[in-house]
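Inside the fold
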Amino acid sequence: MADHSLKLTFPCDPSVLRVVRLAASSMAMDVGFGINDLDDLSLAVDELTSALLESATGEVEVRIVVDDFGVTVTGVATDSTGVELNDLAVSILNAATDRFTVREDGYSMVKLRADVG
Amino acid sequence: MPTLGDVLEHHDDPKVQKAFERYAVSKDRSLRNQLVEVNLGLAYHLTQRYEGKGVESADLRQVAVVGLVKAVERFDHTRGVTFATFARPFIVGEMRHHFRDLGWELHVPRPTKERAQRVRRSVETLRSELGREPQVEDVAHDTGLTVDEVVDALDASRVTRTKRFEAGGSTGAPPEYMQPSSPDGGYLDVERRELLDGLLATLDERERHIVVARFVDEKSQQEIADEVGVSQVHVSRLLRKTLAQLQEQLRSTMRSPGSDPDPA
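The structure contained in this document is the topic of the report that follows. (Residues numbered from 1 in each chain as written. Chains lettered and ligands numbered in written order. Predicted model: local features only at pLDDT ≥ 70, side-chain atom pairs only at ≥ 80, totals over all residues. Heavy atoms only, no water.)

Focus: the overall build of chain A
On a plain count of helices and strands, chain A comes out with three helices and five strands. If you list the helices and strands of chain A from N to C, you get β-α-α-β-β-α-β-β. Relative to its full complement of 117 residues, chain A shows a buried share of 53%. Excluding contacts between residues fewer than 6 apart, the proportion of contacts in chain A whose partners are at least 24 apart in sequence is 66%. When the accessible surface of chain A is totalled, it reaches about 4,900 Å², and 50% of it is carbon and sulfur. (Helix = DSSP H or I, 4+ residues; strand = E, 2+ residues; numbered from the N terminus. Buried < 20%, exposed > 50% of the residue type's maximum accessible area, 1.4 Å probe, protein only. Contact = heavy atoms within 4.5 Å. Areas by Shrake-Rupley, 256 points an atom, 1.4 Å probe, with all protein chains shown as cover.)

Written out as structure tokens, the structure reads:
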């Protein structure tokens, strides 16, 4: 299948977290993610996006891309003061994602389908 | 309580590694239970940071073991991570689920809660029936919900943010999940408070005392047990039974003529 992508732009408000999680889960479901993988994806998106929201005050942009292999989520806030993850969050992300990185202005993460990863 | 050193000591044990390899192939239940048993120290170790936050140690340990079982069932020894690293989020996540569930009645709309419970039950059933992790479509077919409703329900029962969970840690205040919703910000508006008061009035004196002590006065189950003169386990059972009773009454109330929110 061709890549599908979705870009969400929203203010720094924790109430949007659920929208981001639902969007990522819905798109991942379409490429064959099972319940456990959806759970992991949602958990990871929640951790990273929360950290991004806490680092910024202005507008946040999250982009979700799915393909045959899995899901890539990136989040950016231009006024971010640096995304910080505590030890527990890092531990969760190590287990729940196949790859994640945080930068001064955002994050990116990859979650592969179970039969691919 | 085991130290982290004690916990991690046996993880390089070739016998344990072999057992994980055998379990990956056989999915033998008794072997799974042995693996759970040998890793109990890890689960108990992880409960330490969450003690003193309103949940009894015994309850917390039980919940941690549930997370441990999930981790053993899902561990893939070929991925190159240790079991301790893999299992930690499952165990911690399960404890956070537990804290969230305690505040569930106050924070989540009834229909969403019911759907989430149906979905969770369906996932468990399908997991054993199908012998694999169910897909969202499987759950939708089994429950009669749409796939969007299933995704929504899964999200509703999902772990939320680490820092919110840990908020009580530094201040001594209870976690956010256990705090009542603000009158203007949560679901518990004035009308619902009146409804809740009416429901509480239907309980006998001891049941009402336990519910109020737990969810209004935020006392621990052990404190309540000491007051009432029963075991903490008994208080836990009474709370579960009473909450189920309240839920059923609430459901009946919502179904009664003139109050049905969905007349169709």
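Some thoughts on helix α1 (residues 17-30) of chain A
Here α1 of chain A is 14 residues long and its end C-alpha atoms lie 20 Å apart, about the 20 Å a rise of 1.5 Å per residue gives. Considered for burial, the residues of α1 of chain A that qualify are Leu 17, Val 20, Arg 21, Ala 23, Ala 24, Ser 25, Met 27, Ala 28 and Met 29 of chain A. (Expected span 1.5 Å × (residues − 1).)

Some words on the pattern of salt bridges
Residues and elements named next belong to chain A. Applying the stated rule across the entire model yields nine salt bridges over all chains. Salt-bridge contacts for Arg 21 lead to Asp 46; the nearest nitrogen and oxygen are separated by 2.6 Å. With Arg 21 in helix α1 and Asp 46 in helix α2 (residues 35-54), the pair connects residues that are 25 residues apart, well separated along the chain. According to the relative accessible area criterion, Arg 21 is buried, its value standing at 7%. (Salt bridge = Lys/Arg side-chain N within 4 Å of Asp/Glu carboxyl O.)

Details of the nonpolar core
Ile 64 and Met 109 of chain A are the most contacted members of the largest nonpolar core, which totals 47 residues. The element that contributes the greatest number of residues to this core is α2 of chain A, accounting for nine residues. Beyond its immediate stretch of four places on either side in the chain, Met 109 of chain A contacts Leu 41, Ala 44, Val 45, Leu 48, Val 71, Thr 72, Val 73, Thr 97, Arg 99 and Phe 100 of chain A. Ranked by size, the runner-up nonpolar core spans 26 residues in total, among them Ala 19, Tyr 23, Leu 35 and Ile 91 of chain B. (Core = buried A, V, L, I, M, F, W, Y, C linked by side-chain atoms within 4.5 Å.)

Points about the packing of aromatic side chains
Residue and element names in this part refer to chain B. Under the defined criterion, the tally for this structure stands at five aromatic pairs over all chains. Geometrically, the ring pair formed by Phe 75 and Phe 83 is edge-to-face, given 5.2 Å between the ring centres and 85 degrees between the ring planes. Judged on exposure class, the residue Phe 75 and its partner Phe 83 are both buried. Taking 5.0 Å as the distance between ring centres and 40 degrees as the angle between the ring planes, the aromatic pair formed by Phe 86 and Phe 90 counts as tilted. With a gap of four residues between them, Phe 86 and Phe 90 both fall in helix α6 (residues 83-102), about one helical turn apart. (Phe/Tyr/Trp six-rings, centres within 6.5 Å; stacked < 30°, edge-to-face > 60°.)

Considerations on α2 of chain A
An α-helix turns once per 3.6 residues; consequently, residues spaced three or four apart project the same way. For α2 of chain A, with 20 residues, the first-to-last C-alpha span of 28 Å sits near the 28 Å given by 1.5 Å per residue. Counting buried positions along α2 of chain A yields 18 of 20 residues, so the element is predominantly enclosed.

Structural notes on the pairing of strand β4 (residues 99-103) of chain A
Consecutive side chains of a regular strand alternate in pointing toward one face of the sheet and then the other. All names here are of chain A. Note: β4 against strand β5 (residues 106-112), five bridges, orientation antiparallel. Residue pairing across strands places Arg 99 opposite Val 110, the latter belonging to β5. Here β4 hands over to β5 after two residues, the two strands then running antiparallel side by side. (Pairing = 2+ DSSP bridges.)

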